[in-house]
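Structure at a glance
Next come the chains, spelled out residue by residue.
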Amino acid sequence: MNSPAAGQVCPPRRYTHSRVALFRFSAVSWNAHRIHYDGEFAASEGFPDVVVQSTLHGEMLVRCALDWSGPGARLEGVSWRNRATAVAGEPLTWTATVTAVEPAAQGQRVSLEVSVLKDDGTACVTGTVELTRPGGPAPAP
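Overview of the structure. Given the structure is predicted, the values throughout are model-derived calculations rather than measurements.

What counts as what
Counting starts from 1 at the beginning of each chain's written sequence and moves along it residue by residue. The predicted nature of this model means local features are confined to residues of pLDDT at least 70 and side-chain atom pairs, given and counted, to a pLDDT of 80 or more, with totals for whole chains, interfaces and linings taken over all residues. The side-chain quantities take in all heavy atoms of the structure and omit both hydrogens and water. Elements are defined by DSSP. Helices are runs of H or I of four residues or more, strands are runs of E of two residues or more, and each kind is numbered from the N terminus. Residue contacts are defined here by distance: any two heavy atoms, one from each residue, within 4.5 Å place the two residues in contact. To be clear on the numbers: accessible area is Shrake-Rupley with a 1.4 Å probe, and residue cover counts the displayed protein chains and nothing else. In this tally Asp and Glu are treated as negative and Lys and Arg as positive; neither His nor the chain ends contributes. Note that the charge is assigned to NZ on lysines, CZ on arginines, CG on aspartates and CD on glutamates. Disulfides are defined as cysteine sulfur pairs within 2.5 Å. In this description, strands pair whenever DSSP reports at least two bridges between them. As a rule, the C-alpha atoms of each element are fitted with a line to give its axis, helices using only the stretch in contact, and angles between N-to-C directions run from 0 to 180 degrees. Here the term buried applies to any residue with accessible area under 20% of the maximum for its type, exposed to any over 50%, and partly exposed to those in between, with areas from a 1.4 Å probe on protein chains only. Directions from the helix axis toward the C-beta atoms define the arc. Pairing of aromatic rings covers Phe, Tyr and Trp, the last through its six-membered ring, and needs centres within 6.5 Å; plane angles under 30 degrees mean stacked, over 60 mean edge-to-face, and all others mean tilted. For patches, a residue must show more than 30% relative accessible area and have no salt bridge; joins then use 9 Å for like charges and 5 Å for nonpolar side chains, namely Val, Leu, Ile, Met, Phe, Trp and Tyr. Within this document, salt bridges are pairs made up of a side-chain nitrogen of Lys or Arg and a carboxyl oxygen of Asp or Glu, the two lying within 4 Å of each other.

Regarding the overall build of the protein
The helix and strand inventory of the protein stands at 3 helices and 5 strands. Element order for the protein, N to C, with α for helix and β for strand: β-α-α-α-β-β-β-β. Seen through its C-alpha atoms, the protein measures out along the principal axes to roughly 60 × 30 × 20 Å. Here the contacts in the protein between residues at least 6 apart in sequence split such that 68% fall between residues at least 24 apart. Just so you have it, the protein exposes about 7,600 Å², and 54% of that area is on carbon and sulfur atoms. Taking the average location of the 12 positive side-chain charges in the protein and that of its 13 negative ones, the two points are 4 Å from each other.

Some details on the state of the cysteines
Tallied over the full model, the rule gives 0 disulfides. Sulfur of Cys-64: no disulfide; nearest cysteine sulfur belongs to Cys-10 and is 10 Å away. For the unlinked cysteine Cys-124, the closest cysteine sulfur is that of Cys-64, found at 13 Å.

Some remarks on the sheet that holds strand S5 (residues 123–133)
Taken in spatial order, the 5 strands line up as S1-S3-S4-S5-S2 in an open sheet, and their pairing is antiparallel. Looking at which strands have only one partner, the edges of the open sheet turn out to be strand S1 (13–15) and strand S2 (74–82). Neighbour-to-neighbour, the strand axes of this sheet turn through a mean angle of 20°, independent of strand direction. Pairing between S1 and strand S3 (residues 92–104): 3 bridges, direction antiparallel. Paired with Arg-14 across the strands is Thr-93, a residue of S3. Where helix H3 (residues 54–69) meets the sheet, it contacts S1, S2, S3, strand S4 (107–118) and S5, and its direction lies at approximately 140° from that of S2.

A few points about helix H1 (residues 19–28)
Of the positions making up H1, those classed as buried are Leu-22, Phe-25 and Ser-26. Along the long axis of H1, the arc covered by the buried residues comes to 100°, so they all point the same way. Along H1, the residues that are exposed and aim more than 90 degrees away from the buried face are Arg-24 and Val-28. Of the surrounding elements, those touching the buried residues of H1 are H3. Positive backbone phi, at 55°, marks Trp-30, one or two positions downstream of H1.

Some remarks on the packing of aromatic side chains
One pass over the full model with this rule turns up 1 aromatic pair. Considering the side-chain rings of Phe-23 and Tyr-37, the 6.2 Å spacing of their centres and the 80° angle between planes classify their relative orientation as edge-to-face. Placement of the pair is Phe-23 in helix H1 and Tyr-37 in the loop between H1 and helix H2 (39–44), with a sequence separation of 14 residues.

Things to note about the pairing of S5
Across 8 bridges, S2 lies against S5 in antiparallel orientation. Bridge pairing in S5 links Gly-77 to Glu-130. With 10 bridges joining them, S4 and S5 adopt antiparallel strand pairing. Bridge pairing in S5 places Val-114 opposite Gly-127. What sits between the antiparallel neighbours S4 and S5 is a turn of 4 residues, in which Gly-121 has the positive phi angle 90°.

A word on a nonpolar patch on the surface
A cluster of nonpolar side chains, namely Leu-75, Val-78 and Trp-80, defines an oily patch on the protein surface of about 220 Å² accessible area. Among the secondary structure elements, Leu-75 is positioned in strand S2.

Have a look at this one:
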């Protein structure tokens, strides 16, 4: 990838989470809340299907940002706020805009404003991801 610039819009990334993926993520993250893996229980709580975990949203913000940045990128920080519920099988879209690019010892520090959107444009998650990517202009002495 060429050197990113502030204001650059990253290509969106579409994905869905299956019930199986949500169950597995609950298992590996020790999240025992039944709304994340039991459809009948989720329905009894008013949800149309099992609910995507907030931490899985965070993981996807990071994964998509690192994929966009390319090989050798390293996560420096992530923060997000959950805005709306997403459920299994629901199409979601990761979006991001570069907000800053600064020289770093090992390349460039890139800040992204990120979101996960539903098909109707509702934001499930908004936040920021900061990463360091190799290459780019050399840092000033």
